[in-house]
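Descriptive structure summary
Here are the chains, one letter per residue:
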Amino acid sequence: MLFRSFVLDRVRPEDAGTYAVAATNRAGGAISQPMVLTVLVPPTLPVQPQPQTVILGHELVLEVAVAGSQPHSIAWFRDDVLVEAQTNALLRLPSATSADAGVYRVAVTNAAGSARSDGALVTVLVPPTVRIQPVPHTTVATGKAVTLAVEVDGTAPFAFVWFRDGKPIENENAPTLRIEGALHTHAGRYHVEDRKST
């Protein structure tokens, strides 16, 4: 009886397939039963998640491309905390909240190994809301100082523009408008807008 072996020193994906051996001598020949060789390839991430900036309430989408043997499992993490119910190469949050901001990574595992993506920073921009409004009616004596101010919540920086009677006031782009010596020409209806959000 004679034994022979066939050795693949460094198995590659293209080595996968069905193998059989044929033996012949002067009396004839025989072929072995087929043997299926499956080559498991560890996962890789040829496309990494990309940083995103999204407005509060808008859809957030992150995506990766996964290569390697199937089946594989996918898990998304935000600031190293598992994101529940996100097990696909495409992460989709239909309405982003402030809590969705952070650094996202994806981990992929199969029978041959695992891979972890680079981090992708997600920034959620919160539109401005006026927390404290200017005093609706202010009276000041001629020559006296007067201050109009607002307090705004949201994602900084802001781009304030003050208006008097509907016309923008030049070089007044702070949340506070101060008039050092009030004149009758300063009388009017004032309001402020955040032009960055419009």
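Description of the structure in this document. These numbers come from a predicted model, not from an experiment. (Residues numbered from 1 in each chain as written. Predicted model: local features only at pLDDT ≥ 70, side-chain atom pairs only at ≥ 80, totals over all residues. Heavy atoms only, no water.)

Thoughts on the overall build of the protein
On a plain count of helices and strands, the protein comes out with 0 helices and 21 strands. A compact globule built from 198 residues should have a C-alpha radius of gyration of about 16 Å, whereas the protein, at 34 Å, is more than 25% larger. With the principal axes as the frame, the protein shows a C-alpha extent of 125 × 30 × 20 Å. When contacts within the protein are restricted to residue pairs at least 6 apart in sequence, long-range pairs at least 24 apart make up 56% of them. (Helix = DSSP H or I, 4+ residues; strand = E, 2+ residues; numbered from the N terminus. Rg over C-alpha atoms; globule rule 2.2 N^0.38 Å. Contact = heavy atoms within 4.5 Å.)

Here's the deal with the layout of surface pockets
Gaps left between atoms show up when a probe the size of a water molecule is rolled over them. Its boundaries defined by the atoms lining it, the largest pocket holds a volume of some 490 Å³. If you go around the largest pocket, you meet 20 residues; those closest to its centre are Thr138, Leu148, His186, Gly188 and Tyr190. By residue class, the composition of the lining of the largest pocket is 12 nonpolar, 7 polar and 1 charged. (1 Å grid on protein atoms, 1.4 Å probe; cavity = no way out; pocket = protein on both sides within 12 Å on 5 of 7 lines; lining within 4 Å. Points joined across faces, edges and corners; volume = space filled by probe spheres on them. Nonpolar A, V, L, I, M, F, W, Y, C, P; charged D, E, K, R; others polar.)

Quick word on the pairing of strand β20 (residues 176-179)
Of the two faces of β20, only the one carrying Leu177 and Ile179 is buried; Thr176 and Arg178 on the other face are not. Sheet analysis places strand β16 (residues 146-149) next to β20, joined by 4 bridges and oriented antiparallel. Bridge pairing in β20 places Val146 opposite Ile179. (Buried < 20%, exposed > 50% of the residue type's maximum accessible area, 1.4 Å probe, protein only. Pairing = 2+ DSSP bridges.)

Things to note about the environment of Ala115
Among the secondary structure elements, Ala115 is positioned in strand β13 (residues 113-116). Considering only alpha carbons, one finds Ala115 and Val146, 31 residues apart in sequence, at a separation of 62 Å. Ala115 has contacts with Pro43, Thr44, Leu45, Val106, Ala107 and Val108, leaving out every residue within four places of it along the chain.

Looking at the pattern of salt bridges
A complete count under the given rule lists 8 salt bridges for this structure. The partner of Asp100 in a salt bridge is Arg78, and the shortest N-O contact between them spans 3.9 Å. Of the two residues, Asp100 sits in the loop between β11 (90-93) and β12 (102-110) while Arg78 sits in strand β9 (residues 73-78), which places them 22 residues apart along the sequence. Residue classification places Arg78 among the partly exposed positions, given a relative accessible area of 24%. Close ionic contact of Arg131 with Asp153 constitutes a salt bridge, the shortest N to O distance being 3.0 Å. (Salt bridge = Lys/Arg side-chain N within 4 Å of Asp/Glu carboxyl O.)

Points about the sheet that holds strand β19 (residues 167-168)
Strand order in the open sheet formed by 3 strands is β19-β18-β21, and the pairing between neighbours is antiparallel. Sheet topology places β19 and β21 (190-194) at the edges, where each strand pairs with a single neighbour. As paired strands, strand β18 (residues 160-164) and β19 are joined by 2 bridges and run antiparallel to one another. Residue Arg164 lies in a different strand from β19, and its bridge partner there is Lys167.

Overview of the side chain of Ser117
One can find Ser117 in the loop between β13 and β14 (120-125). Residues within four places of Ser117 in sequence aside, it is in contact with Leu45, Gln48, Pro49, Arg105 and Val106.

Thoughts on the side chain of Gln86
Looking at the secondary structure, you find Gln86 in the loop between β10 (81-82) and β11. On the basis of relative accessibility, which here comes to 13%, the residue Gln86 falls in the buried class. At a separation of 3.3 Å, a polar atom in the side chain of Gln86 contacts the main-chain carbonyl oxygen of Arg92. Residue contacts for Gln86: discarding those within four places in its chain leaves Ile74, Ala75, Trp76, Leu91, Arg92 and Leu93. (Polar contact = N/O pair within 3.5 Å; in protein donor to acceptor, adjacent residues only side chain to side chain.)

Some details on the nonpolar core
Counting 17 residues, the largest nonpolar core has Leu60, Leu62, Trp76, Leu91, Tyr104 and Val106 as the members making the most contacts within it. Those elements giving two or more residues to this core turn out to be β7 (60-63), β9, β11, β12 and β14. Ranked by residues supplied to this core, first place goes to β12 with 3 residues. The next biggest cluster of nonpolar side chains, apart from the first, holds 10 residues, and it includes Val146, Val150, Phe160 and Trp162. (Core = buried A, V, L, I, M, F, W, Y, C linked by side-chain atoms within 4.5 Å.)

What about a nonpolar patch on the surface?
Taken together, the side chains of Ile55, Leu56 and Leu125 make up a nonpolar region of the molecular surface, amounting to roughly 210 Å² of accessible area. Relative to the helices and strands, Ile55 is located in strand β6 (residues 52-55). For Ile55, a relative accessible area of 38% translates into the label partly exposed. (Patch = residues over 30% accessible without salt bridge, like charges linked within 9 Å, V, L, I, M, F, W, Y side chains within 5 Å. Areas by Shrake-Rupley, 256 points an atom, 1.4 Å probe, with all protein chains shown as cover.)

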